[in-house]
2 protein chains.
Amino acid sequence: MKVNVMSDILKANDLLAQDIRTMLEKKGIVSWNVMGSPGSGKTSVLERLIPMLRKTAEVAVIEGDLATSKDAERIAKTGVQSVQINTKGGCHLDAAMVRSALAKIDLEGLKALFIENVGNLVCPSEFSLGETGRIIVSSITEGDDKPEKYPSMFRTGDLVLLNKMDLITFTNFDPNAFKRGLKKVNPRAAVLPISASDGMGFSELLDWIAGRLEG
Amino acid sequence: MKVNVMSDILKANDLLAQDIRTMLEKKGIVSWNVMGSPGSGKTSVLERLIPMLRKTAEVAVIEGDLATSKDAERIAKTGVQSVQINTKGGCHLDAAMVRSALAKIDLEGLKALFIENVGNLVCPSEFSLGETGRIIVSSITEGDDKPEKYPSMFRTGDLVLLNKMDLITFTNFDPNAFKRGLKKVNPRAAVLPISASDGMGFSELLDWIAGRLEG
């Protein structure tokens, strides 16, 4: 019973996600589903990246949280369009929520859309939002065993950002152990060590994102 | 439809959890549902606490993860009984999983049982495991805005451990902002700053736990 109902929900979500994907592609908008643990630094990464990216491309952000509009307010300060979704307890965004949020965004001329999911290393991975690709933000303070312990999430990432690298000397995090674990569950993902605090790796991140936008 | 099915699942879980609670109480076992984000330090807290606690009380641990038996292996090194549950993608433990794990533990003489849930600040809060109380491990590297952003989780905690205090000087974490946020969603929770790395706060944590065990 439970499995059938979940399967129906996922099927309905996938159909709606496909509509969103087609619509965004027609407009030449590249979109990223940004996922990661609570406090891994998803919003901080966007706060630092967006001022660099918007010099050459129009950007908008959809922020997902159970409650509060704190993150959309932080993003709005960068000067781009920012819409908050509150899931009211739900552990992930879905395509219907994204469609509602898109109705509040002026899409004309937009080149990049970031959709920051609810902080959660499990549930968001199952629900397509119609995105072009997926970015997982994993902070080194979470430990180097996360890819193998949360394989359903790490399996789906195109880019894994190893955030909070400025703290690495104070932890026992082993980048090679992390990369070995990631390779087991997702050999194709790119990995980029960054720090949203001091800016380490952000020119590489900008290149990675900008190189995937449409002309 | 979705809501009704979820409500049935929760009801069935609650009945089973009540059976577990009654059974554990009869045996004089105090049990803790240990929750928190991935990498907040739940296992590290238990690794440091258990050698202190087991000097005066028999302890056992149930470890919940999507995949791997890494955490149960770490706990087994402390010399106590340790059972791993793999949820195979599931975002939380439930009472049926705990009942299966309890069948593998010798409960005679046991005084304290720790059940470490899947790393997740959303889903585990809804599912009772028959526990006596709930401990939330929140690491300061996750930021001080977490209680308000994940209210369903923080609302249910008896004790909130502010872990990784050894890193606080390298972050912008404000303990008072965290406590203000927590007070809004859960005024009754105790808060204890700790560091599983250097042992800060662990004698207070030991007192808190030991004072709640049965004679």
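Each remark here, short or long, concerns the structure printed above.
Just so it is clear, the model here is predicted, and its values are computed rather than measured.

Rules and cut-offs
- Residues numbered from 1 in each chain as written.
- Chains lettered and ligands numbered in written order.
- Predicted model: local features only at pLDDT ≥ 70, side-chain atom pairs only at ≥ 80, totals over all residues.
- Heavy atoms only, no water.
- Helix = DSSP H or I, 4+ residues; strand = E, 2+ residues; numbered from the N terminus.
- Buried < 20%, exposed > 50% of the residue type's maximum accessible area, 1.4 Å probe, protein only.
- Contact = heavy atoms within 4.5 Å.
- Areas by Shrake-Rupley, 256 points an atom, 1.4 Å probe, with all protein chains shown as cover.
- Lys, Arg positive; Asp, Glu negative; His and termini not counted.
- Charge placed at Lys NZ, Arg CZ, Asp CG, Glu CD.
- Pairing = 2+ DSSP bridges.
- Axes fitted to C-alpha atoms, helices over the stretch in contact; angles between N-to-C directions.
- Buried area = accessible area lost by both parts, 1.4 Å probe.
- Salt bridge = Lys/Arg side-chain N within 4 Å of Asp/Glu carboxyl O.

**As for the overall build of chain A**
- Scanning chain A for helices and strands turns up eight helices and seven strands.
- Counting across all 215 residues of chain A, residues that qualify as buried make up 58%.
- Taking contacts inside chain A between residues at least 6 apart in sequence as the whole, the part at least 24 apart equals 74%.
- Summing over all exposed atoms, chain A offers an accessible surface of approximately 8,800 Å²; the carbon and sulfur share of this is 51%.
- Of the side-chain charges in chain A, 27 are positive and 27 negative, and the distance between the mean point of each set is 2 Å.

**So, the sheet that holds strand β3 (residues 81–86) of chain B**
Residue and element names in this part refer to chain B.
- Pairing is parallel across the open sheet formed by seven strands, whose spatial order is β3-β2-β4-β1-β5-β6-β7. Unpaired on one side and paired on the other, β3 and β7 (190–193) mark the two borders of the sheet. Strand after strand, the sheet turns through a mean of 20° between neighbouring axes, direction not considered.
- One ladder, built from five bridges, connects strand β1 (residues 30–36) with strand β5 (residues 133–139); its direction is parallel. Within the sheet, the bridge partner assigned to Val34 lies in β5 and is Ile135.
- Against the sheet, helix α7 (residues 175–185) touches β5, β6 (159–163) and β7, its axis set at about 160° to β6.

**Quick notes on the pairing of strand β1 (residues 30–36) of chain A**
- Among the seven residues in β1 of chain A, seven count as buried, and that is most of the element.
- Of the two faces of β1 of chain A, the one lined by Val30, Trp32, Val34 and Gly36 of chain A and the one lined by Ser31, Asn33 and Met35 of chain A are each fully buried.

**Examining the interface of chain A and chain B**
- Of the residues lining the interface, 35 residues belong to chain A; the matching set on chain B comes to 35 residues.
- Summing both sides of the interface, chain A and chain B together bury roughly 2,800 Å²; the carbon and sulfur share of this comes to 65%.
- Our count for the chain A to chain B interface comes out at six salt bridges.
- With a shortest N-O distance of 3.8 Å, Lys149 of chain B and Asp65 of chain A are connected by a salt bridge.

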